[in-house]
Each structure stands twice: as C-alpha cells, then as structure tokens.
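A closer look at the structure
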Amino acid sequence: MFLPIMAYYIIFHYVPMSGAVIAFKKFQPGHGIYAGQWVGLKWFIQFFSSPFAARTIRNTVLISLYSILFGFPLPIVFAICVMEITSTKFRRVVQTVSYLPHFISTVVLVGMITNMFSMNHGIVNDLIASLGGERVNFLINPRWFRTLYVGSGVWQGFGFNSIIYIAAITGIDPSLYEAGKIDGITKFKEVVYITIPMISQTIVMLFIMQLGRIMSVGFEKVFLMYSTAVYETADVISTYVYRKGLESNNYSFGAAIGLFNSVINFAFVFVANQISRKLTDSSLW
Amino acid sequence: MKSSKNTLNGGGDRIFMTLVYVIAVFAFVVTLYPFVYVVAVSFSGSQAVYQGKVFLWPVEPTLAGYQQVLKQGGLWTAYGN
C-alpha cells in the first residue's frame, strides 16, 4: 500500500519544514517554535550586510566547485581503469584498498592531515626538504587550505564513489564490445564510444545530485581544519554562522542562513535537471 | 567481465594499458601509504617521530603510545557509548 510511505514522508519530512518559520522570527528557547516575535527578513539582512558575508559565500562556492571539479570525474576515471585490469586478484586488491579511506572519520582524517603536513615534523615537508626545497607551512597558509580540503576529500571519496560506476559498467551489454572488436576498435576508442555513452545516464544523475549539495560545504571538516590564520579562504557560511550563533545563542540566525542555503541548493538542482532534460532526455524528474 | 580479453591491437592499446596500470598502482600507493605511515608512527619511539625518521617502518619500536592511550579512562567510556 502506498499510504504508509506517504504518511511517513508527510509526517517526518514535510510537516517539520514548517519549523523553518523560526528563520523569520526572534526565537526564544522555551516558548516553542511558533511563538516569538515576527521579524521578517531581519536575519537575512543581518547576514548579508555583515562584512564577512561576501567572503564566506565566495569560499563556500569555491570549495564546492573545486570539490565537484576534482571529485566528480575521478571516480569515473578510476572505475574505467579498474574495469580494464585483466588480473582478477590485482583488481580486487586495488578496489578494496580504494574503499579504505571512505571509512575513516573526519576527525581521524584531519588528525592525519595535521600530522603529515605539519611544518617541522610532517613527512611531506621532510620529503620536500630532502629534495632540496623549502618547507611550506601548509596548515597556516590560506593559499593551501582549499587544496588540502579538496584533496583529502577526493582521496576519501574516489574509491567508494567509484562503486556505482563499476556497477554501471558491469551492466553494459558485452555484444557492443564484440561488435566493436569486429571493426577493429582500439581500447581507448572502446572507452570513449562504448563505455562512457552507456553509463552517461548514471553520470548525469549523480552529477545532478552532487550539484544539489553545492552550498552545503561540510561544517565539521572545515571547522576541524581551519584556524584564525586561514579564515580568508577557509571561513564558509556554516562556520561563520556557527561562530555568530555561539556569540549570541541565536537559533533563528542559524535557521535563516540554513534556509538560504537550502533554497540555493534547490535552485541548482532544478536548473541542472532542466538542462539535463533538454540535453540528454534523462533527468531526475 | 569486460577485461577478460587479452588481445592488444598495436601501440595505442599498449600505451592505454600502461596508463591504466600506472593509474591503478598510483591509486593503490596513495591510498595505502597514509595508513601504513600512521601504523608505523604509532609503534615508533617519540624521539624518532619528532626527528622525522619514520617512513614505512617503525623506528625504535615501542608500545608507549598504546600504553598511554589505553590508560586513559575516557577511551573505554567512549567505546561503551
């Protein structure tokens, strides 16, 4: 029956959305969500007129864009590579090892980064020094923050995210490859003309879903990795709101900015879906 | 499986397969090395780590790090939770 599932979604997902109303009120803990003085767009104005709004929005968008730019193609490339390996044992070993980073928690990951990239004791700087270069303080230098953040994100995600592409590639009809072999196709052309077009639907769908997260840069990882010295490139919307919220216990402010984030995300998903439908006839809805 | 054919048509295919194996081995090393490093460091003496002598293998092997962690009462509470 369809009804229980619909009821679940209505009760637990749609009704609570009305709680977003605290973004437009001056929320007082203890009086309930719907009480409180109506302040309209006060929190939004407060956020956008603060001196750091532009910086945080820019950092959020840039970090997300870099994450997508580097983190999206790599699982696909890796999946294609893995499927080309002829030795089953080697393929399984590479796959299993690639899944490992996904399972370590953010805290452990940032601990590893802090350890490995440290200025005087980190192994990366030791390597640079032994090759004759100058040691770089990766963790304090704002110019390296995005690289470290996106790089570690890609390192964590490429193996696990490649699973779905490997599954898609496994589902490709082998007779297509045989038809190609009759025509004397090279392996590279095989990838470009058979493999990629056949998984293009999967790629587009996952891309749209990825775009839907563009404004939600993870608070946890940025918060663990940043410090006052790198605020210039590291401060994102969520960390800025966290600090402001701590200063004044302002739940409404946090809700307002969260709402703003969600609206932008939704706009992105909507536009991406429209574009995808026009270009490839496949879309999420 | 797609990869079970072994026919290589000429130089283009060889370059492609070399690239595939390079990428696979690179991914393998890059993914595995931090774990190996962390394990090596955890078993090394603190002086050796401080001086940056640990690469793949524990230097001055010691269990001091593990002893310290296990002595912390908080760890067992955290596991319980």
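Residues numbered from 1 in each chain as written. Chains lettered and ligands numbered in written order. Predicted model: local features only at pLDDT ≥ 70, side-chain atom pairs only at ≥ 80, totals over all residues. Heavy atoms only, no water.

**Some points on the overall build of chain B**
Along the backbone of chain B there are four helices and zero strands. Helices and strands appear in chain B in the N-to-C order α-α-α-α. Once local pairs closer than 6 in sequence are excluded, the contacts in chain B between residues at least 24 apart make up 3%. Roughly 5600 Å² of accessible area belongs to chain B as shown, and the carbon and sulfur atoms make up 69% of that amount. (Helix = DSSP H or I, 4+ residues; strand = E, 2+ residues; numbered from the N terminus. Contact = heavy atoms within 4.5 Å. Areas by Shrake-Rupley, 256 points an atom, 1.4 Å probe, with all protein chains shown as cover.)

**Observations regarding the overall build of chain A**
Of the regular secondary structure elements, chain A holds 15 helices and two strands. Relative to its full complement of 285 residues, chain A shows a buried share of 39%. Within chain A, contacts between residues at least 6 apart in sequence are counted, and of these 63% link residues at least 24 apart. With an accessible surface of roughly 15700 Å², chain A has 69% of that area assigned to carbon and sulfur atoms. If the 20 positive side-chain charges of chain A are averaged to one point and the 12 negative ones to another, these points end up 9 Å apart. (Buried < 20%, exposed > 50% of the residue type's maximum accessible area, 1.4 Å probe, protein only. Lys, Arg positive; Asp, Glu negative; His and termini not counted. Charge placed at Lys NZ, Arg CZ, Asp CG, Glu CD.)

**Structural notes on the interface of chain A and chain B**
Each partner contributes residues to the interface: chain A has 36 residues there, and chain B has 30 residues. Overall, the association of chain A and chain B removes approximately 3100 Å² of surface from exposure, summing both partners, and the carbon and sulfur fraction of that is 73%. For the chain A face of the interface with chain B, the top three residues by lost area are A:His121, A:Ile123 and A:Lys187, together amounting to 20%. Our count for the contact surface shared by chain A and chain B stands at zero salt bridges. Summed over the shared surface of chain A and chain B, the result is three residue pairs in polar contact (both at pLDDT 80 or more). Among the elements of the structure, α4 (73–84), α5 (88–99), α6 (106–116), α7 (123–130), α8 (142–170), α9 (174–182) and α10 (187–198) of chain A are those that each provide at least two residues to the side of chain A that touches chain B. Looking at which element gives the most residues to the side of chain A that touches chain B, the answer is α5(A), with six residues. Grouping the constituent residues of the side of chain A that touches chain B by class yields 22 nonpolar, eight polar and six charged. (Buried area = accessible area lost by both parts, 1.4 Å probe. Salt bridge = Lys/Arg side-chain N within 4 Å of Asp/Glu carboxyl O. Polar contact = N/O pair within 3.5 Å; in protein donor to acceptor, adjacent residues only side chain to side chain. Nonpolar A, V, L, I, M, F, W, Y, C, P; charged D, E, K, R; others polar.)

**A look at α7(A)**
Every buried residue of α7(A) is listed here: A:Ile123, A:Asn125 and A:Asp126. On an axial view of α7(A), the arc spanned by its buried residues comes to 160°, and they lie on one face. Elements that come into contact with the buried residues of α7(A) comprise α6 of chain A together with α1 (10–42) of chain B. Once α7(A) finishes, A:Gly132 follows within two positions and takes phi at roughly 100°, a positive value. (Arc of directions from axis to C-beta.)

**Some details on the nonpolar core**
Residue and element names in this part refer to chain A. Among the nonpolar cores identified, the biggest contains 47 residues, and Phe47, Ile76, Ile169, Ile199 and Ile237 are the most heavily contacted of them. The element that contributes the greatest number of residues to this core is α4, accounting for seven residues. When neighbours within four sequence positions are excluded, Ile237 is seen to be in contact with Phe47, Thr56, Ile57, Thr60, Met215, Ile257, Phe260 and Asn261. (Core = buried A, V, L, I, M, F, W, Y, C linked by side-chain atoms within 4.5 Å.)

**Topic: the confidence of the model for chain B**
When pLDDT is averaged along chain B, the result is 80, and 89% of the positions lie at 70 or above. Averaged over each element, pLDDT in chain B is lowest for helix α2 (residues 46–51) of chain B (77) and highest for α1(B) (89). (pLDDT = per-residue confidence, 0-100.)

**Describing α4(A)**
An α-helix turns once every 3.6 residues. As a result, residues three or four positions apart point the same way. Taking 1.5 Å as the rise per residue, α4(A) with 12 residues should run 16 Å; its terminal C-alpha atoms sit 17 Å apart, in good agreement. Residues of α4(A) that are buried make contact with α3 (53–71), α5, α8, α10 and α11 (200–211) of chain A together with α1 of chain B. (Expected span 1.5 Å × (residues − 1).)

**Structural notes on the environment of A:Ile22**
All names here are of chain A. With respect to the helices, strands and loops of the structure, Ile22 is situated in the loop between α1 (3–14) and β1 (25–26). Taking the C-alpha atoms as reference points, Ile22 and Ser248, separated by 226 residues in sequence, lie 16 Å from one another. Sequence-distant contacts of Ile22, defined by excluding residues within four places in its chain, comprise Phe27, Ile33, Trp43, Tyr251, Ser252 and Ala255.

**Some words on the environment of A:Asn261**
All names here are of chain A. Locating Asn261 in the fold gives a position in helix α15 (residues 251–280). Separated by 45 residues in the primary sequence, Asn261 and Ser216 place their C-alpha atoms 6.9 Å from one another. Those residues in contact with Asn261 that lie beyond four places of it in its chain are Met215, Ser216 and Ile237.

**Focus on the pattern of salt bridges**
All names here are of chain A. Following the criterion strictly, the structure yields five salt bridges over all chains and no others. Linking Glu232 and Arg55 is a salt bridge whose minimum nitrogen-to-oxygen distance equals 3.8 Å. A residue pair is termed long-range when its members are at least 10 positions apart, and Glu232 in helix α13 (residues 231–234) and Arg55 in helix α3 qualify at 177 residues. Residue classification places Arg55 among the buried positions, given a relative accessible area of 15%. As a salt-bridge pair, Asp235 and Arg243 come within 2.9 Å of each other at their nearest N and O atoms. Classification of Asp235 as buried rests on a relative accessible area of 0%. Members of the salt-bridge network, linked through shared partners, are Arg55, Arg58, Glu232, Asp235 and Arg243.

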